[in-house]
Amino acid sequence: LAEQIRSKRQPLPDEDLAGEMYEMMTQKVALKGFEQYEISNFAKAGFQAKHNNKYWLCEPVFGFGVSAHSFDGVDKRWSNERDTNAYVSLIENGESPIAETNNLSEKQLSSEFAFLNLRLAKGLNLYEFDKKFDINLMEKYADELKRFEELGLIETSKDFLRLTQKGFVYSNEVFAVFV
């Protein structure tokens, strides 16, 4: 679909229509017994993708092969060579296939932790965030979060900040605050 949109064979869906289609889809899959556990992931109880959850929870992920990406769960990301022939040559010569390494700053880490956890239906554990980064998110972003709450995009309960169903549709608006 992305290629068809880029090549103008398909038009980019209207944002309002895409939002309506998303809401309709979430209702239909719920009727079939699927639970939404992340913005774009649904599963029957007990069958959530453990692999995907590692991304949203900022846990270590190790990728192997051409163009694979990894994260140490602390502050370092790396990716392998994208070109298959170059990758094979490196491996055959006993060399590392790692093409790029990024050390993330504390700001990048806290930003990613906030918006990736907000992708989850359960939301972001505010206590955990404060403990990990020594930042009170509700105080630091008080004005923005108040506006999002008034717009019906977020809600808080106990120690969690989460997107509402409407918030899932407009999640990029919320995530932009943390980036």
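Residues numbered from 1 in each chain as written. Predicted model: local features only at pLDDT ≥ 70, side-chain atom pairs only at ≥ 80, totals over all residues. Heavy atoms only, no water.

## A word on the pattern of salt bridges
Selection criterion: One side-chain nitrogen of Lys or Arg within 4 Å of one carboxyl oxygen of Asp or Glu is enough to make a salt bridge. The helix count covers DSSP runs of H or I at least four residues long, the strand count covers runs of E at least two residues long, and both are numbered beginning at the N terminus. Only protein chains enter the calculation, and the probe is 1.4 Å; a residue is then buried if its accessible area is under 20% of its type maximum, exposed if over 50%, and partly exposed in between.
Under the counting rule described, the total for this entry stands at 5 salt bridges. In this structure, Glu3 and Arg6 form a salt bridge, with 3.5 Å as the shortest nitrogen-oxygen distance. Here Glu3 and its partner Arg6 are both found in helix α1 (residues 2-6), 3 residues apart, which amounts to about one turn of the helix. A salt bridge links Arg119 to Glu38; its shortest N-O distance comes to 2.4 Å. Placement of the pair is Arg119 in the loop between α5 (106-118) and β6 (124-125) and Glu38 in strand β1 (residues 35-38), with a sequence separation of 81 residues. On the basis of relative accessibility, which here comes to 0%, the residue Glu38 falls in the buried class.

## Focus on the sheet that holds strand β7 (residues 154-157)
Basically, it comes down to this: By definition, two strands form a pair when at least two bridges between them are found by DSSP.
Reading across the sheet, the 3 strands line up as β6-β8-β7 and stay open at both edges, with antiparallel pairing between neighbours. In this open sheet, the two edge strands, each paired with only one partner strand, are β6 and β7. Pairing of β6 with strand β8 (residues 160-163) involves 2 bridges; the strand directions are antiparallel. Bridging from a neighbouring strand, Leu124 pairs with Leu161 of β8.

## Notes on the nonpolar core
Filter applied, for reference: We call a set of buried Ala, Val, Leu, Ile, Met, Phe, Trp, Tyr and Cys residues a nonpolar core when their side-chain atoms join them within 4.5 Å. By definition, residues are in contact when any of their heavy atoms lie within 4.5 Å.
Within the largest apolar cluster, 30 residues are counted, with the highest numbers of intra-cluster contacts made by Leu124, Phe129, Leu137, Val174 and Phe178. No other element matches α5, which puts 5 residues into this core. Discounting residues that sit within four places of it in the chain, Leu124 has contacts with Phe113, Ala114, Asn117, Leu118, Phe129, Leu137, Asp159, Phe160 and Leu161.

## Here's the deal with a negative patch on the surface
We count it as follows: Only residues whose relative accessible area exceeds 30% and that take part in no salt bridge are eligible for patches, with like-charged residues grouped when within 9 Å of each other and nonpolar side chains (Val, Leu, Ile, Met, Phe, Trp, Tyr) grouped when within 5 Å. Only the protein chains shown count as cover for residues, and all accessible areas are computed by the Shrake-Rupley method using a 1.4 Å probe. When charges are counted, Lys and Arg are positive and Asp and Glu negative, with His and the chain ends excluded. Here the site of a charge means NZ on Lys, CZ on Arg, CG on Asp, or CD on Glu.
Together, Asp14, Glu15, Asp16, Glu20, Glu23 and Glu173 make up a negatively charged patch on the protein surface. The residue Asp14 is located in the loop between α1 and α2 (15-31) in this model. The exposure class assigned to Asp14 is partly exposed, which follows from its relative accessible area of 45%.

## Looking at the environment of Met25
Structurally, Met25 can be placed in helix α2. Taking the C-alpha atoms as reference points, Met25 and Ile91, separated by 66 residues in sequence, lie 44 Å from one another.

## Details of the packing of aromatic side chains
Where two aromatic rings form a pair, the distance of their centres and the angle of their planes describe that pair. To be explicit about the condition: Pairs were defined over the aromatic rings of Phe, Tyr and Trp, the Trp ring being its six-membered one, requiring ring centres within 6.5 Å. Orientation was assigned from the angle between planes: stacked under 30 degrees, edge-to-face over 60, tilted for the rest.
Applying the stated criterion across every chain yields a total of 7 aromatic pairs. Between Phe129 and Phe133, the aromatic rings sit 5.0 Å apart at their centres with planes inclined by 45°, giving tilted as the arrangement. With a gap of 4 residues between them, Phe129 and Phe133 both fall in helix α6 (residues 126-133), about one helical turn apart. The pair formed by Phe129 and Phe133 is uniform in burial state, with each residue classed as buried.

## Here we look at the pairing of β8
For a regular strand, the rule is simple: side chains alternate between the two faces of the sheet. Where β7 meets β8, 4 bridges bridge the pair, whose relative direction is antiparallel. Across the sheet, the residue bridging to Thr156 is Leu161, located in β8. Turn length for the β7-β8 hairpin, with the two strands adjacent in sequence and antiparallel, is 2 residues, and the turn residue Lys158 shows positive phi of about 50°.

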